[in-house]
Structures are given as C-alpha cells and as structure tokens.
Amino acid sequence: MNVINWRYETWVREFEAERERRGAVGDPLWSLGAALDPALVRSLRKFQVGEDGDGSALIGKAERAGDPVYAGAVRLFVAEEQNHARMLALLLAAGGAGTLSGHWSDAVFVRLRRLMGLRMELLVLMVAEVAALRYYRAVRDGAADPLASEVAGRILADEERHVPFHCRRLREGFAGLPAPARRAVAGGWRILLAGAAALVAVDHGPALRHLGVRRRAFVAETVRLSAPLAASFTSAPARTPTGV
C-alpha cells in the first residue's frame, strides 16, 4: 500500500499508535551514559536545535487550511519532532554535553518557513526532513556508542514516516497547477535540497567523517532521494481507495 495515498484520518491513527507504542517501549537507558566524539557532539547540538520548537506557525497554517483532521495530524507530527529534540538533549546530557540556545542555520530555515504559506513552508520543511534521513542513518550505522545509535534509529524511523505525510499534503497543494508549473516546483525543490545537503556536508563534515561517511557521498545520496520524492508530490493526485 502506498502510504502517500492515506487519508488524514489514517495518518492521525498512525501517529496516535506510534505515540502509544513509544509510551509502552519507554525511553532509552540514559543512565548508561554515552561516549560521544567531540565532532559528533557539535553536530548533534545543531540538529537538536533544528528539532526543537513549538511548531506554532505550522500548526496555525494547518488550522487555517480548513481541514481539522489534517490539523490534528500536524499537531501529532510536531509532538514527534519535539520528542526528537528531547531525546537528543538527553543523549547529549548522557555524554556530558549541553545543548545550544540557537544556531544560524536553523534560524535561516525558520525564517524562510514563516514568511511563506503552508505549501511553501512544507517544501522548506521537506528539505530539512530529507537531509535528516541520511544524517540519522549515518549516526545510527556509524556511531560507536550504543545509546547514540539507538536514539538515531528511533528518530530515523519517525522521519521515514514524516516524509510521505508531507508529500501527501504537498501533492494536494500543487494539484491545481498545470504540469509545467508542477515540474518547475519539483526542479526548484531539488536544487534547494542539493544546496542544503552541501551545506550540511560542510557544516557537519568532521562528524560525518567520524561516522565513516564522506561529504561527497552524503550529498550524492541525499540528492538521489530527491527525484522520486519530488515526483511523488508534484504528480497528479491518485484516487484514494475507500476505507484507507
């Protein structure tokens, strides 16, 4: 089943089920502590800032869009992002490190998103989400510390669900545009993602090297994801099966 075609009621149930599962499983064992390389600490601090925030701007735009079910799903999505920030803060604390009060890269993304409507905010948000897919996979697979690997794996699993959720809404948002305009949106978004991936590769290069990922490979693998994703949210909407 293509989850991009799920109705928002299904997405609400999915987010709620994940919240229940998360509560049943409980947190990682923070008391075990974490041995974090200094380069990884600096990198995780920046991602923690990016995951933090109350999501009020996005929630407000979702509510103004007029679909209360979608708005409810967005609130659940924001709660998951806030949980990522919480876990990263606790991981850093387990490694004897604190968090940052802010970072310029996050400030730029937030400013861009808040200046735009829902569609454009989601496009910018998707850039961060897709870059995060490759980053958290690198931490999950390359971190020598078990706690860091577990936290990254949990966040990665959430991000893999978030991307199709946003693709669903974006496809609806661009459905009324003619095909050439949708292709232009897809091309522009792919360029933006490539630029963001290059920025992450430079800014987090020492951490990626520690995790066994070359900067060029990080950019190439992130960009490789862009074509099918851009096609998924700029193609004509498929008819949603009854009961999905």
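Rules and cut-offs
Residues numbered from 1 in each chain as written. Predicted model: local features only at pLDDT ≥ 70, side-chain atom pairs only at ≥ 80, totals over all residues. Heavy atoms only, no water. Core = buried A, V, L, I, M, F, W, Y, C linked by side-chain atoms within 4.5 Å. Buried < 20%, exposed > 50% of the residue type's maximum accessible area, 1.4 Å probe, protein only. Helix = DSSP H or I, 4+ residues; strand = E, 2+ residues; numbered from the N terminus. Contact = heavy atoms within 4.5 Å. Axes fitted to C-alpha atoms, helices over the stretch in contact; angles between N-to-C directions. Parallel < 35°, antiparallel > 145°, perpendicular 65-115°, else oblique. Phe/Tyr/Trp six-rings, centres within 6.5 Å; stacked < 30°, edge-to-face > 60°. Lys NZ or Arg CZ within 6 Å of the ring centre and 35° of its normal. pLDDT = per-residue confidence, 0-100. Expected span 1.5 Å × (residues − 1). Polar contact = N/O pair within 3.5 Å; in protein donor to acceptor, adjacent residues only side chain to side chain. Left-handed = near helix turned anticlockwise from the far one by under 90°. Salt bridge = Lys/Arg side-chain N within 4 Å of Asp/Glu carboxyl O.

Draft legend 1. Structural view of the nonpolar core. With 68 residues, the main nonpolar core has Leu91, Tyr135, Tyr136, Phe165, Trp189 and Phe233 as its most contacted residues. Sorting the residues of this core by element identifies α1 (8-25), α2 (38-51), α3 (56-64), α4 (68-94), α6 (118-142), α7 (146-174), α8 (179-203) and α10 (215-234) as the ones contributing at least two each. Filtering out sequence-adjacent residues up to four positions away, phenylalanine 233 remains in contact with Leu123, Met126, Cys167, Leu170, Arg171, Phe174 and Trp189.

Draft legend 2. Quick peek at the packing of α1 against α7. The geometry of α1 relative to α7 is characterised by a closest axis approach of 12 Å and an angle of 170° between their N-to-C directions. One finds that α1 runs roughly antiparallel with respect to α7. Only Arg154, Asp158, Arg161, His162, Pro164, Phe165, Arg168, Arg169 and Glu172 of α7 make contact with α1, whose side of the interface consists of Tyr8, Trp11, Glu14, Phe15, Glu18 and Val25.

Draft legend 3. Representation of the packing of aromatic side chains in the model. Taken as a whole and assessed by the stated rule, the structure comprises 12 aromatic pairs. Their ring planes at 85° and their centres at 5.2 Å tell us that phenylalanine 15 and phenylalanine 165 sit as a pair that is edge-to-face. Of this pair, phenylalanine 15 sits in helix α1 while phenylalanine 165 sits in helix α7, and the two are 150 residues apart along the sequence. With respect to class, phenylalanine 15 is no different from phenylalanine 165; both count as buried. Clustering of aromatic rings is evident, with ring pairs tying together Trp6, Tyr8, Trp11, Phe15, Tyr70, Phe77 and Phe165. Taking NZ or CZ as reference, arginine 168 lies 4.7 Å from the ring centre of tyrosine 8, over its face. One Lys or Arg, arginine 169, reaches over the ring of tyrosine 70 and ends 4.3 Å from the middle of that ring.

Draft legend 4. A look at the confidence of the model for the protein. Averaged over the protein, the pLDDT score is 89; the fraction of residues at 70 or greater is 90%. Between the elements of the protein, mean pLDDT differs from a low of 58, seen in helix α5 (residues 104-114), to a high of 97, seen in helix α9 (residues 205-210). Low confidence marks residues 240-244, where pLDDT is under 50. Its contacts with residues over four positions away, or in another chain, come to eight contacts.

Draft legend 5. Molecular detail of α2. With 14 residues, α2 extends 20 Å between its outermost C-alpha atoms, agreeing within 8% with the 20 Å of an ideal straight helix rising 1.5 Å per residue. In terms of residue burial, α2 counts as a mostly covered element, since 10 of its 14 residues are buried. All of the buried residues along α2 are Ala39, Leu40, Val41, Ser43, Leu44, Lys46, Phe47, Gln48, Val49 and Glu51. Measuring from the side-chain oxygen of the N-cap residue of α2 to the backbone nitrogen of alanine 39 gives 2.9 Å; that N-cap residue is aspartate 37. Following α2 by one or two positions, glycine 53 adopts a phi angle in the positive range, close to 125°.

Draft legend 6. Broad picture of the packing of α2 against α6. One can describe the packing of α2 onto α6 by two numbers: an axis separation of 13 Å at closest approach and a directional angle of 140°. Classified by the interaxial angle, the pair formed by α2 and α6 is oblique. For the pair α2 and α6, the crossing hand works out as left-handed. In this structure, α2 contributes Leu40, Ser43, Leu44, Phe47 and Glu51 to the contact, and α6 contributes Ala132, Tyr135, Tyr136 and Val139.

Draft legend 7. Structural detail: the pattern of salt bridges. Taken as a whole, this structure holds 16 salt bridges when the rule is applied. Between arginine 7 and glutamate 9 there is a salt bridge; the shortest N-O distance is 3.5 Å. Exposure remark for arginine 7: the relative accessible area of 37% places this residue in the partly exposed category. For glutamate 9, a relative accessible area of 34% gives the class partly exposed. The shortest N-O distance in the salt bridge between glutamate 80 and arginine 22 comes to 3.8 Å. Linking glutamate 80 in helix α4 with arginine 22 in helix α1, this pair joins segments that are 58 residues apart in sequence. The exposure classification of glutamate 80 matches that of arginine 22, with both residues buried. If you follow the salt bridges from partner to partner, you end up with Glu14, Arg22, Glu80, Asp158 and Arg161 in one network.

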